[in-house]
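# Overview (structure and organization)
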Amino acid sequence: MLDPFLLAAFAAVIFLVYHLLNRKYQFFAERGIPYVKPTLLLGNGASVLLKKEDLLQNIQRTYDTFPNAKIMGIFDFVKPIMMIRDPDAIKQIGVKDFDHFVDHTPLFTPADCEDVGTNSLFGNSLFALRGQKWRDMRATLSPAFTGSKMRHMFELVLDCARSTAEYFREEAKSGRTTEYEMKNVFSRFSTDVIGSVAFGIKVDSLREQDNDFFVKGKAMLNFQNLKSLLKVIMLRSAPGLMNRLNVDITSPQMNAYFKDMIMDNMKQREINGIVRNDMINILMQVQKGALLHQKDEQDTKDAGFATVEESSVGKALHNRVWSENELVAQCFLFFLAGFDTVSTCLTFVSYELLANPDVQQKLFEEIMAVEASLDGKPLSYEVLQKMQYLDQIISETLRLWPPAPFVDRYCVKDYLFDDGQGTRVPIEKGQIVWFPITALHHDAKYFPEPNRFDPERFSEQNRPKINPGAYLPFGVGPRNCIGSRFALMEVKAIVYHLVKNFTLERSGKSRVPLKLEKSYIAMIVEGGMWLEFRPRA
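Residues numbered from 1 in each chain as written. Predicted model: local features only at pLDDT ≥ 70, side-chain atom pairs only at ≥ 80, totals over all residues. Heavy atoms only, no water.

Per an unreviewed UniProt entry, the protein chain carries the name AAEL014608-PA and comes from Aedes aegypti. Recorded in UniProt under Function (unreviewed entry), the annotation for the protein chain is "May be involved in the metabolism of insect hormones and in the breakdown of synthetic insecticides." Regarding the protein chain, the UniProt comment filed under Cofactor (unreviewed entry) reads as follows: "heme". (UniProt positions renumbered as here; feature names shortened; annotations may be inferred.)

Here's what the structure looks like:
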């Protein structure tokens, strides 16, 4: 028989925990901010965690709860999050008053630790850096992602795109199946691009399915196994302790593998005087203090409508000297973004071309017109960027399926949001705010018939109708995606060569319309995104 005293003590503890949690969930009610009632412990993500809806559905349903609110409240488990659902408010917080919201939410590092030292690869990546160190790194890397640098890197990307298309032609010619799962295909293509552009090595992940670079990279980004999940939980719940123990999100062995590859490559180039237009060369320029913005270069949307422009932060001068690990960390981020974000975007581009054959045919006609104008000459960066309909397709895909469904900002000093129209909301230091990108992109107020794929939204005639504050595929403000030009170049190059050589057709495994897995951390197509490549005559 259980001791009545122990039962009473246990009940008291349960009551106390419930009371404390309930107190936390009063955060927005006490401030007069409309909020969606959370599920105990699980917050407003409970429906995704319990596999009742996917992440995009969850964000959209939450956003739609208070259609007239500029700021509303949600809970990430028990942590209060302010969702900014008005484009002008997002611009005010993300651009005009950026100095109050410089950082991303500290994920795997202590909130009060601006500089985690030089050991952690993730902690020193541009995404995770905070404060002045982030400003200096942004300014250091910004000249590497201008239009002129993209022109220099274009041939490397184009080689990967041509090789990928040729592989599928070889497979079809040999009589093998031409049915493929496109997330896998594009993850391999993206790996080849990253290997060539960021690590200076030749990788062929379609012909050599189990090559070391692809296998190790995939393992590094696999957070689904129990060991990795436990590490993530510990890094999020006790970042201070894990930082003191030098525990990183990736293993020491993986860190050493990628770091040694880069440093050995840099050493060989230095010894042999090798120059190649890639990230390794850029890191070598950074070490010598030779990577600077060109004075006469204009920051324009030369890579397409979705391109984001650099702010004054990225053009500032500084005298910080970077360690080897801090520089290598930027290649790690390049791998992370390329492997997942670009491959996700391409997966949905291929789906929309499959689901909309009229759009695919119109794109093919544009490609054929370009081929005729080239008259046998190779495709150039400038010609690719002038392809209006291709850019419309990519822009519309990024609207319907933004690879980052929301972005966050972390308040670094107390702030009063005041829109001048009666909405005044104090935002305290340490408060997290979210910009619900996918919900804005699916709001009929900004995009009529938002669930319909319509590249004509982004035609020259219709572009002026788009509210730029409601279209944020690469984020907003000084902390937007530094690699938007590169990502768009990579996406367009492979789409060009695939549609030039094949029709994308439904196979036995194709699902139209598609469904997303009910995943809390990624946009994954349920059952995979399958299609068949039919070689053109």
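## Details of the overall build of the protein chain
Each helix and strand in the protein chain was counted, giving 18 helices and nine strands. At 24 Å, the protein chain has a C-alpha radius of gyration in line with the 24 Å of a compact globule built from 537 residues. Viewed in the frame of its principal axes, the protein chain has a C-alpha envelope of about 85 × 60 × 55 Å. Put simply, the protein chain has 537 residues, and 56% of those count as buried. Partitioning the contacts of the protein chain with sequence separation of at least 6, the portion at a separation of at least 24 is 75%. Carbon together with sulfur atoms contributes 56% to the accessible area of the protein chain, which is approximately 24,700 Å² in total. (Helix = DSSP H or I, 4+ residues; strand = E, 2+ residues; numbered from the N terminus. Rg over C-alpha atoms; globule rule 2.2 N^0.38 Å. Buried < 20%, exposed > 50% of the residue type's maximum accessible area, 1.4 Å probe, protein only. Contact = heavy atoms within 4.5 Å. Areas by Shrake-Rupley, 256 points an atom, 1.4 Å probe, with all protein chains shown as cover.)

## What about the sheet that holds strand β9 (residues 530-535)?
The strands making up a sheet are joined through hydrogen bonds of the backbone, oriented either antiparallel or parallel. Reading across from one edge, β3-β9-β8 is the order of the three strands in this open sheet, with antiparallel pairing throughout. Each end of this open sheet is capped by a strand with a single partner; those strands are β3 (179-181) and β8 (502-505). Mean inter-strand twist for the sheet, computed between neighbouring axes without regard to direction, equals 35°. Looking at chain direction, β8 and β9 are connected through four bridges and run antiparallel. Bridge assignment links Glu505 to a residue of β9, and that residue is Glu532. Against the sheet, helix α6 (residues 147-173) engages β3, β8 and β9, with an angle of about 80° to β8. (Pairing = 2+ DSSP bridges. Axes fitted to C-alpha atoms, helices over the stretch in contact; angles between N-to-C directions.)

## Observations regarding the pattern of salt bridges
For the structure on display, the rule yields 33 salt bridges. Arg207 is paired through a salt bridge with Asp204; the nearest N and O atoms lie 3.0 Å apart. (Salt bridge = Lys/Arg side-chain N within 4 Å of Asp/Glu carboxyl O.)

## What about the packing of aromatic side chains?
Enumeration over the complete set of coordinates arrives at 33 aromatic pairs. What links up through ring pairs into an aromatic cluster is the set Phe199, Phe213, Phe214, Tyr257, Phe258, Phe335 and Phe339. The aromatic ring of Phe502 is capped on one face by Arg169, whose charged end is 6.0 Å from the ring centroid. (Phe/Tyr/Trp six-rings, centres within 6.5 Å; stacked < 30°, edge-to-face > 60°. Lys NZ or Arg CZ within 6 Å of the ring centre and 35° of its normal.)

## Some remarks on the pairing of strand β2 (residues 79-84)
Within β2, five of the six residues are buried, which leaves it mostly tucked inside the rest of the structure. Pairing of strand β1 (residues 71-76) with β2, which is carried by six bridges, proceeds in the antiparallel orientation. Each residue of the ladder has a partner; that of Asp76, found in β2, is Lys79. Linking β1 to β2, which pair antiparallel, is a turn of two residues; within it Phe77 sits at a positive phi near 60°. Here β2 pairs with strand β7 (residues 432-435) via three bridges, running parallel. Within β7, the position partnered with Ile81 by the bridge is Ile432.

## Things to note about the sheet that holds β2
If you walk across this open sheet you meet the four strands as β1-β2-β7-β4, and the pairing is mixed. Each edge of the open sheet carries a strand with a single partner, namely β1 and β4 (407-410). On average, adjacent strands in this sheet sit at an angle of 35° to one another, irrespective of strand direction.

## Topic: the environment of Lys70
In this structure, Lys70 sits in the loop between α3 (55-64) and β1. Considering only alpha carbons, one finds Lys70 and Ile33, 37 residues apart in sequence, at a separation of 9.9 Å. Beyond its immediate chain neighbours, meaning those up to four positions away, Lys70 contacts Met83, Ile84, Arg85, Asp86, Asp419, Gln421 and Thr423. Of the polar contacts made by the side chain of Lys70, one reaches the side chain of Asp419; its length is 2.6 Å. (Polar contact = N/O pair within 3.5 Å; in protein donor to acceptor, adjacent residues only side chain to side chain.)

## With respect to the UniProt feature "transmembrane region" (unreviewed entry) in the protein chain
This chain's UniProt record puts "transmembrane region" (unreviewed entry) on residues 6-21. Secondary structure across residues 6-21 comprises 100% helix and 0% strand; the distance between its end C-alpha atoms is 22 Å.

## Concerning a nonpolar patch on the surface
The grouping of Tyr18, Leu40 and Leu41 at the surface amounts to a nonpolar patch, some 300 Å² of accessible area in total. Looking at the element boundaries, Leu40 is found in the loop between α1 (4-24) and α2 (46-49). For Leu40, a relative accessible area of 42% gives the class partly exposed. (Patch = residues over 30% accessible without salt bridge, like charges linked within 9 Å, V, L, I, M, F, W, Y side chains within 5 Å.)

## With respect to unusual backbone geometry
Cis rather than trans, the peptide bond between Val512 and Pro513 has omega equal to 0°. Here Pro513 shows up in the loop between β8 and β9. Look at Lys51: it is not a glycine, yet its phi comes out positive at around 65°. Within the fold, Lys51 resides in the loop between α2 and α3. Residue classification places Lys51 among the exposed residues on the basis of a relative accessible area of 55%. Phi is positive for Phe77, which is not a glycine, with a value near 60°.

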